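Residue strings, one per chain:
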Amino acid sequence: MTISSVASSAAIAPPPCEPAFESAFSVRFDYDLSYASNDQGTRRLVKEHSLSNLTAQYISILWDEGSHKTNVRSFLGEISEILSGQRFSVFSQEMLDSVIGTLRERGNSNATINRKMAALSKLLWKASKMGDIYNLPEFRRQKERQGRIRFLETDEEAQLFSAVRTRCEDSYRLSVFLVDTGCRLGEAIGLSWNDLQDARSTFWLTKSGRSRTVPLTARAQEATNIPHGRLKGPFAMLNQVRFRATWNEAKAEVGLGADDQVVPHILRHTCASRLVRGGIDIRRVQIWLGHQTLSMTMRYAHLATNDLDSCVAVLERG
């Protein structure tokens, strides 16, 4: 065979058979994989998680033991229920909008929604940092309307505390301590004897995570002056459930049962209002209450009416 005939044979040779083989025997695989990037730029596969899984994994890392952690657990549990156990590697904006819409349909105020979204945002941020999810929605704070702050007048306090005292002396002591220190219920119940020194009380288990120390009034000192025995602190014999039950019975007895704002937290409002009306400047009230931002304390600023008296004289002069 000549060289030219070889070339001619190659030119008319049938095409390779690989395509026919591929069409007959190949198997197609479709992958739907999600990857997350960490701070070092490496990428790894992200699994899907439910909100309840993430809550169980990180709640004890993100929140200290106490009433606030209990509230957070309740908030996240409700959101998980709204999501119906949905598993995700991305918490989308649509998911967030749906949760907020459902909470609003259930009658949650914007202030309540903001508290629940704060817990959700903190949890998802942690999950994102740990590589469990790889995208976060935009959390926008809902506009809160400034509602009227309810506080106890002196005669209301006297009647309510008397009714509490007939039911439980320890609950009465706690009520006095709460209104004269402005601390939260959980902060008072969590006190140890070492937290009471030199007529001052130091609160370590706070909502903000920052400790604060306030001086005690004479009757607040008296409220903590009991035999130590085996108690860890002056109010360690109580818990929130027991105290609230006594409180609700007493408030019903004095005719305040229908007022849904007369809850134990009203004692904190009462303390703040008395400080402001007594001429204490807002900045010091903020420190006393342990507010993280001054805007939280400004809710009481309207009570400082004496600060505006000098304006009248200016206006009257024309």
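For the structure itself, consult the block above.
(A) Summary view of the overall build of the chain. Summing up its helical and strand segments, the chain has 15 helices and seven strands in all. Going through the 318 residues of the chain one by one, you find that 39% of them count as buried. Sequence separation of 24 or more characterises 64% of the internal contacts of the chain that already satisfy a separation of 6 or more. Accessible surface, the chain as shown: approximately 19700 Å² in total, 52% of it carbon and sulfur.

(B) Here's a closer look at helix α11 (residues 240-253). For α11, with 14 residues, the first-to-last C-alpha span of 20 Å sits near the 20 Å given by 1.5 Å per residue. Looking at α11, one finds that the buried residues are Phe-243, Thr-246, Trp-247, Ala-250 and Lys-251. Down the axis of α11, the buried side of the element spans an arc of 130°, and every buried residue falls inside it. Where α11 is buried, its residues touch α7 (154-167), α8 (169-181), α9 (185-189) and α12 (266-277). At the N-terminal boundary of α11, the capping side chain belongs to Asn-239, with an oxygen 3.2 Å from the backbone nitrogen of Val-241.

(C) Structural view of the sheet that holds strand β5 (residues 196-197). Here we have three strands laid out as an open sheet, ordered β5-β6-β7, and antiparallel in their pairing. The open sheet has two free edges, formed respectively by β5 and β7 (212-215), since each of these has just one partner strand.

(D) View of the packing of α8 against α11. Direction vectors running N to C along α8 and α11 enclose 90°, while the axes themselves pass 10 Å from each other. As the angle between them shows, α8 and α11 are arranged roughly perpendicular. Of the residues in α11, those in contact with Ser-171, Leu-174, Ser-175 and Leu-178 of α8 are Phe-243, Thr-246 and Trp-247.

(E) A look at the pairing of β7. A one-sided burial pattern is seen for β7, the buried positions being Arg-212 and Val-214 and the unburied ones Thr-213 and Pro-215. As paired elements, strand β6 (residues 200-203) and β7 share four bridges and run antiparallel to each other. Bridge pairing in β7 places Arg-200 opposite Pro-215.

(F) Spatial organisation of the environment of Leu-174. With respect to the element layout, Leu-174 can be found in helix α8. Between the C-alpha atoms of Leu-174 and Phe-235, which are 61 residues apart in sequence, the distance is 6.8 Å. Setting aside residues no more than four positions away along its own chain, Leu-174 makes contact with Leu-185, Ala-188, Ile-189, Phe-235, Leu-238 and Phe-243.

(G) The arrangement of the nonpolar core in detail. If you look at the biggest cluster of nonpolar residues, it comprises 47 residues, and the most contacted ones within it are Phe-161, Leu-174, Phe-177, Leu-178, Trp-247 and Leu-267. When contributions to this core are tallied by element, the ones reaching two or more residues are α7, α8, α9, α10 (218-224), α11, α12 and α13 (282-289). Every residue in contact with Trp-247, bar those within four places of it in the chain, is listed here: Leu-160, Phe-161, Ser-175, Val-262, Val-263, Pro-264, Ile-266 and Leu-267. Of all hydrophobic cores here, the second largest spans 27 residues; its members include Tyr-58, Ile-82, Met-95 and Ala-127.

Conventions we followed
Residues numbered from 1 in each chain as written. Predicted model: local features only at pLDDT ≥ 70, side-chain atom pairs only at ≥ 80, totals over all residues. Heavy atoms only, no water. Helix = DSSP H or I, 4+ residues; strand = E, 2+ residues; numbered from the N terminus. Buried < 20%, exposed > 50% of the residue type's maximum accessible area, 1.4 Å probe, protein only. Contact = heavy atoms within 4.5 Å. Areas by Shrake-Rupley, 256 points an atom, 1.4 Å probe, with all protein chains shown as cover. Expected span 1.5 Å × (residues − 1). Arc of directions from axis to C-beta. Polar contact = N/O pair within 3.5 Å; in protein donor to acceptor, adjacent residues only side chain to side chain. Pairing = 2+ DSSP bridges. Axes fitted to C-alpha atoms, helices over the stretch in contact; angles between N-to-C directions. Parallel < 35°, antiparallel > 145°, perpendicular 65-115°, else oblique. Core = buried A, V, L, I, M, F, W, Y, C linked by side-chain atoms within 4.5 Å.

No statement about biological role is implied by the geometric values presented.
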